Amino acid sequence: MDKSSLRHLIKQRKRQYTEQQLSALSLAIYNKVLQHPRIRAARTILLYYSMPDEVDTHALVDTLWRDGRTVLLPRVTGTTTMDLVVYTGADSLSEAGPFHILEPVGPAFTDYDVIDVAVVPGVAFTPDGRRLGHGRGYYDRLLPQLTRAYRLGLCFPFQLLDDLPTTVNDVAMDEVITG
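Residues numbered from 1 in each chain as written. Predicted model: local features only at pLDDT ≥ 70, side-chain atom pairs only at ≥ 80, totals over all residues. Heavy atoms only, no water.

(A) Structural view of the sheet that holds strand 6 (residues 108–109). Spatially, 7 strands are ordered 6-3-2-1-7-10-11 in an open sheet, and the strand pairing comes out mixed. The open sheet has two edge strands, strand 6 and strand 11 (175–178), and neither has a second partner. As judged from the 2 bridges shared by strand 1 (residues 44–46) and strand 7 (residues 117–120), these two strands associate in the parallel manner. Residue pairing in the sheet places I45 in a bridge with V117 of strand 7. (Pairing = 2+ DSSP bridges. Helix = DSSP H or I, 4+ residues; strand = E, 2+ residues; numbered from the N terminus.)

(B) How the structure looks around the nonpolar core. Grouped together as the largest cluster of nonpolar side chains are 49 residues, with contacts concentrated most on L47, I115, V119 and L146. Tallying contributions element by element places helix 2 (residues 19–35) first for this core, with 6 residues. Apart from the residues within four sequence positions on either side, L146 is in contact with L46, Y112, I115 and A118. (Core = buried A, V, L, I, M, F, W, Y, C linked by side-chain atoms within 4.5 Å. Buried < 20%, exposed > 50% of the residue type's maximum accessible area, 1.4 Å probe, protein only. Contact = heavy atoms within 4.5 Å.)

(C) Focus on the packing of aromatic side chains. Within this structure, the stated rule accounts for 3 aromatic pairs. Ring geometry for Y17 and F158: centres 4.6 Å apart, planes at 25°, overall stacked. With Y17 in the loop between helix 1 (3–14) and helix 2 and F158 in the loop between strand 10 (150–155) and strand 11, this pair connects stretches of sequence that are 141 residues apart. Taken together, a centroid distance of 5.4 Å and an interplanar angle of 15° make the contact between F156 and F158 stacked. For the residue pair F156 and F158, the accessibility class agrees, reading buried in each case. Members of the aromatic cluster, connected to one another through ring pairs, are Y17, F156 and F158. (Phe/Tyr/Trp six-rings, centres within 6.5 Å; stacked < 30°, edge-to-face > 60°.)

As structure tokens, this is what we get:
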């Protein structure tokens with residue numbers, strides 16, 4: 001199956017779940033992430049502020065930030081580019097960008113060498129860490145710059161597939177967490 005067909009398949013699978021079921025799955029993933037040894041040891045963590053169809057990370061972002069961690073969130077800067085911004089609380093988010101999602105405001109964070117863990121969304125993953133994104137390559141351009149970061153993908157169980165088509169530009173995860 002090609003990437004476009006797989007994106008459509010995952011979208012269909014998501015429609016089979018209620019909002020409450022997806023919330024319960026997100027909570028299970030939230031608990032696994034908080035207990036993960038890499039997260040527990042991390043001082044600087046790249047997260048994402050989830051869109052409605054992704055594993056909900058809003059509570060995770062706030063929990064880690066309140067715990068004193070430096071939490072970074074991506075901000076779309078162009079049709080295929082994004083930068084990172086330090087999260088300073090929910091009031092530092094603004095609806096912006098081409099996807100009309102909440103993104104952080106503030107100066108760009110550029111000290112990529114201090115990022116311990118990068119928590120990454122995806123349309124689908126394989127158990128060995130291959131990732132299918134939305135097709136713009138935002139993370140595939142960013143992740144190679146994070147030379148120290150442990151790459152952790154988050155997905156619902158129905159997003160975990162046995163196989164995915166990949167290219168040399170597709171960056172794999174070190175690990176995938178699902179509910």
